[in-house]
Each structure stands twice: as C-alpha cells, then as structure tokens.
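Residues per chain are reported as follows:
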Amino acid sequence: MTGRKLKVEAIASGTVIDHIPAGMGIRILNFFELTKQQDRITVGLNLKKSTGGKKDLIKVENTKFTKEQAQQLALFAQDATINVIEDYKVVEKFKVTLPEAIEEVLSCPNTNCITHDEPVSSTFYIKEQQDKVALKCHYCEKSFHQSFFKELV
Amino acid sequence: MKNTLYNKDIISIADLSREELELIVAQAQSIKKTPRPDLLKGKIIASCFFEASTRTRLSFETAVQRLGGTHIGFDSGGNTSLGKKGETLADSVKVINSYADAFFMRHPKEGSARLASEFANVPVINGGDGANQHPTQTLLDLFSIYETQGSLEGLKIAFVGDLKYGRTVHSLAQALALFDCEFYFVAPPELTMPEYLCDELRQAGVKFSFHDDLEAILPALDILYVTRVQKERFDPTEYQHMQSKYVLTADLLHSVKDTFKVLHPLPRVDEITIDVDATPYAYYFEQAENGVYARQALLSLVLSEESV
Ligand SMILES: [Zn+2]
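Calculation criteria
Numbers given for residues are sequential positions, taken from 1 along each chain in its written order. Throughout, the order in which chains and ligands are written sets their labels, letters from A for the former and numbers from 1 for the latter. Side-chain atom pairs in this predicted model are given and counted only at pLDDT of 80 or more, local residue features only at pLDDT of at least 70, and totals for whole chains, interfaces and linings cover all residues. To get the side-chain values, all heavy atoms of the structure are used, and hydrogens and water are removed first. Segment limits for the domains were obtained from an automatic or database-derived domain assignment. The contact rule is simple, with two residues in contact once any of their heavy atoms fall within 4.5 Å. A simple way to read buried area is as the amount of 1.4 Å-probe accessible surface that goes missing from two parts once joined, with both sides added. Criterion for a salt bridge: a side-chain nitrogen of Lys or Arg within 4 Å of a carboxyl oxygen of Asp or Glu. Under this definition, polar contacts are N or O atom pairs within 3.5 Å; protein pairs additionally need one hydrogen-donor-capable and one acceptor-capable atom, and for neighbouring residues in sequence, both atoms have to be side-chain atoms. By the convention adopted, Pro, Cys, Tyr, Trp, Phe, Met, Ile, Leu, Val and Ala count as nonpolar, Lys, Arg, Asp and Glu as charged, and the other residues, Gly among them, as polar. Secondary structure elements follow DSSP: runs of H or I of four or more residues count as helices, runs of E of two or more count as strands, with numbering from the N terminus. Only protein chains enter the accessibility calculation, which uses a 1.4 Å probe; a residue whose area is less than 20% of its type maximum is buried, one above 50% is exposed, and one in between is partly exposed. UniProt positions are given in the numbering used here, feature names are shortened, and annotations may be inferred rather than shown by experiment. A pair of strands counts as paired when DSSP detects no fewer than two bridges linking them. In this description, a line fitted to the C-alpha atoms serves as the axis of each element, helices being fitted only across the stretch in contact, and the angle between N-to-C directions of two axes falls anywhere from 0 to 180 degrees. Any N, O or S atom lying within 2.8 Å of the metal counts as a donor, with the limit raised to 3.2 Å for Na, K and Ca; because water is left out of the atom set, some sites can appear incomplete. The rule is simple: four donors are tetrahedral if all their angles sit between 85 and 135 degrees, four are square planar and six octahedral if opposite donors span more than 155 degrees and the others lie between 65 and 115, and anything that fits none of that is irregular.

(A) Main features of the domain arrangement of chain A. Residues and elements named next belong to chain A. Assigned domains within chain A: domain 1 (13–95) and domain 2 (101–152). One C-alpha centre belongs to domain 1, the other to domain 2; they are set 24 Å apart. Contacts between the two partners involve six residues from domain 1 and, on the opposite side, 10 residues from domain 2. The largest per-residue losses of area from domain 1 upon contact with domain 2 belong to Phe31, Leu75 and Gln78, which jointly make up 71% of the total buried on that side. For the pair domain 1 and domain 2, the interface holds zero salt bridges. For the pair domain 1 and domain 2, the interface holds two residue pairs in polar contact (both at pLDDT 80 or more). Of the residues in the side of domain 1 that touches domain 2, the class split is three nonpolar, two polar and one charged.

Quick look at the structure:
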C-alpha cells in the first residue's frame, strides 16, 4: 500500500453510512439486503479512524434510507452517521438514533413465544440500559440483547 | 374510587397501576365480607384452558358462580377440536368471544393472552401464559398480604426457593415495587433472581438484598413468600443439600413478629414442613381461598362500571 488512506470513490447521489463499528459492515449489508439491489455499493472494512481504532463504511448509490431504516441501523451501529449525497455533495447528515420500537423485521428468540404460530407481526420495545440495548417482545414480554436475534448477527 | 378496569384486558401485572391494584384488593375485601351473588347475573364467561390447570380453573369457575354468572369452556386444549384441527389461537378467540361477555384463558405459550386480547372484542383475563405472566395469582397474593398486614406499604418481604424460574415471584416483586417494600432474596446461586429483574427493581429505586441464612432474616420480616424448587433442576445430592438449607420448619419461627405470615402459591412439596401449618404464621391455605375472592373482584370490576 502506498497511500496511508484507503480512497473510497465519491458518489454522485445516494447514502454514505459512516462510523460503523468494524465488523458490522457486512451484517448491515445483509440485514438491509443492500446487495440485492442493482445499485453500486462500495464497502470499506477496517478503515483507520482518525481517533484510532477501526471502522467500516458503506456507500450505496441512488438509495436513500428511510427514517425507519436509519433507526434500525442504530441496532448495529449506535454511533453511525448517515450522509445523504446529492450531486457529489453532502446535503444532509445525521446520527442514527434507536427507535422506541421495532416492528415486523425481527423474529422472537423465545421459541415458546406465541408469535411463531400465529398471524401477527412482531413488535419489540427498545430499552437502553447503561451501554446495553435490550429488546422486549410485546407478546411474551421477554427481554433480549441484540445478539440473540438471528437477523442481527 | 373510579373503576378504570371496566372493560379492560388483564394480561400482565405491569399493565396495572398502583391505584388499580389497590382497587382490586379493596373490591376483594368487600366481596369477602359481603358476598355478592348478583354482580355477574346474566353474564357468560368463557373459561378456556388450552393447558390443564386444575387449581386455577376451579378457583376461577367458583368465582364466576359465586357472583351469579355462568361459564362455558373447556379444560384442556388437547381434548378439544381447537388444538387438533390446527386452528390458530386468533381464530379460536374470534369465535369464542362472540359467545361470551369475558374470556378467561390459560395457554402453554408465552404471549398467548396478549395476542388473544388483540383479536377479542370482550375483555381477556390471563390465567397464565406459559412461563410469562399469571396476574390473578399475583392479585390473590397482594390481597393476602394486604389482609394480613393491613397495608401493602413499606413491608419487608422475603422470597425463598426458585427465584429464577418462578414467575409468581417475579410478578409479585414487580407489583410490590410500586408500594415501597423492601425485598430479601433467599435462594441458591443457580436459582437467584434474574439480572434483568434486579435491573428493573434498581431503576425503580427498590431496596433489596441477597441472603443465604433464612433463620437470620426471619425476625425482620412481615412476609415470607416460599416457592417450590423443582427437583428436576438438580442432581439428587445437590437437591438434598439445598433442600436442607432452604426448608422452613416450625422451630425456625422462634422470634418472628406477631403479624408475620408465611405464603406459598401451592402446591407445596417439602419446602414447608407440616408442623408449620399449626403455627399462627401459616397462611397459605387462606391464601388459596383468597384466590376466589381476588378473581371475583377482578371479574366484577372488568364487567361492571361500578366498584362495590
Ligand atoms: Zn416473544
């Protein structure tokens, strides 16, 4: 390697997700099924942070994250920032924030939870305790750390 | 007191406010003093046990009849067409709820009662959903504590036995947390209170501590709540060792308060020896009887606008 920085090509329009904890980039790609779309995606893994340590970074062309998706993103990367790019410029930049609840996308890790047999979609309430995040099932009322969800690992 | 429970589903103890818990306790006490065979007159209650539970069912159906109501239903999901034909719970509820004025249910899966309440037009009362909640048990526990102590406020309450898997302990602790009580947890390390519940109690500012020596804390207590430890969870020698440490016998009760009472959700196995039954401190059989009053209180509040 000659340069000290890995240059990631600029995009004309789309979304740049920055400050993803190293190792989470691939999970995010999978969770949001970003690779299933036809748009070009650039991924940087284990990039050096200016503050030391490593991070991942994802650039998706022609794609905007909805508010809901941005909140879901916080489950993987609580400190991530989303940069909305138009015409090569950052037109909007915001930090992701955890939602109060997350609906439909997660399946309850409790195998004895009624949601697995019935025509309902799941709801989990999100509680932040110190530096931990717990998701509590609306139905079985059990709380789980995010590592218990197959969709999040 | 305004009856905010009218037409409400009773799914989880956490859904009930302090005022609502007090209202139920007051209503239970009033009905115990003055029977009210008129309160459910003309009402039909569905009593649906998708999982067998003889005690809860008998207590509940007695409560319905003591209030002048009638019940329909079944006592084990496996024996009805419901389970066998593969119908979803959601569909079963939609059908049954059109026959009845309220729906009392027990089901082996966690979350079943919450789900049922979303498909029913009539109030749903949870009689136990898997390992999750059993609010009517908690209500009868609260009533028994109130009855013996004259208050729910500021009591010192010890829980002994299986605190890890015991949902009755979890719900009761959550409910009493609203009344500024102090808790003593007495259990082997393998069966201690789950961390998430301790977190909840801490956040609510509840005082609690962990103990090994039951005898040492007894003089401080107002209530000792004993639960059964399931033998299957231990190997036989381990079980014997543990059992000897956490069993309540009459000779341990030498310096307890006069108003001290022992509660147990029953059935008991050997965690309270029979000689305790004859002491003035045993209250577990009255507690079981109170289940009928607590369930009467709940039914009458859910089904009529006025409290008595
Ligand atoms: Zn669940």
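There's plenty left to go through after this.
(B) Representation of the pattern of salt bridges in the model. Counting across every chain of the model gives 25 salt bridges over all chains. For the salt bridge of Glu22 of chain B with Arg18 of chain B, the shortest nitrogen-to-oxygen distance reads 3.3 Å. Placement of both Glu22 of chain B and Arg18 of chain B in helix H1 (residues 18–33) is noted, with a separation of four residues, approximately one turn of the helix. For the salt bridge of Arg36 of chain B with Asp38 of chain B, the shortest nitrogen-to-oxygen distance reads 3.0 Å. What makes Arg36 of chain B partly exposed here is its relative accessible area of 26%. With a relative accessible area of 36%, Asp38 of chain B lands in the partly exposed category. One continuous salt-bridge network, built from bridges that share partners, spans Glu141 of chain A together with Asp15 and Arg114 of chain B.

(C) Here's a closer look at the interface of chain B and chain A. Opposite the 18 residues of chain B that make contact, chain A presents 16 residues. Note on chain B versus chain A: buried area summed over both sides is about 1,600 Å², and carbon and sulfur give 43% of it. Among the residues chain B hides against chain A, the three largest losses belong to Lys109, Glu110 and Leu115 of chain B. Together they make up 35% of the total. On the surface where chain B and chain A come into contact, there are three salt bridges. Two residues, Asp117 of chain A and Lys109 of chain B, come together in a salt bridge whose shortest N-O distance is 3.0 Å.

(D) Structural detail: the UniProt feature "binding site: Zn(2+)" (unreviewed entry) in chain A. Residues and elements named next belong to chain A. UniProt records the feature "binding site: Zn(2+)" (unreviewed entry) at Cys108, Cys113, Cys137 and Cys140, using the numbering of this structure. These residues run over 33 residues, yet every pair of their C-alpha atoms falls within 9.0 Å of each other. Position of Cys108 among the secondary structure elements: in the loop between strand E6 (101–103) and strand E7 (123–129). Using a relative accessible area of 5% as the deciding quantity, one classes Cys108 as buried. With residues near it in sequence (within four places) discarded, Cys108 still touches Cys113, Thr115, His116, Phe124, Cys137, Cys140 and Phe144. Within the secondary structure layout, Cys137 lies in strand E8 (residues 132–137). Among all residues touching Cys137, those that are not within four sequence positions of it are Cys108, Cys113, Thr123, Phe124 and Lys142.

(E) Main features of the sheet that holds strand E6 (residues 182–186) of chain B. All names here are of chain B. Strands sit in the order E7-E6-E5-E8-E9 across an open sheet of five strands; the sheet is parallel. With partners counted over all chains shown, the strands left at the sheet margins are strand E7 (207–211) and strand E9 (261–263), one partner each. Sheet twist, expressed as the average angle between the axes of neighbouring strands with direction ignored, equals 20°. Lying on the sheet, helix H7 (residues 167–176) is in contact with strand E5 (156–160), E6 and strand E8 (223–226); it crosses E5 at an angle near 165°.

(F) Geometry of the coordination of the zinc ion. Residues and elements named next belong to chain A. Cys108 (SG), Cys113 (SG), Cys137 (SG) and Cys140 (SG) make up the full set of protein donors to the zinc ion, lying at 2.3 to 2.4 Å. Each of the four donor atoms around the zinc ion contributes to a set of angles spanning 103 to 116°, which defines the coordination as tetrahedral. Donor residues binding the zinc ion come from one chain and are separated in sequence as C-x4-C-x23-C-x2-C. You can see Cys108 sitting in the loop between E6 and E7 and its partner Cys140 sitting in the loop between E8 and strand E9 (143–145), a full 32 residues away along the chain. Cys140 shares its class with Cys108; the two are buried.

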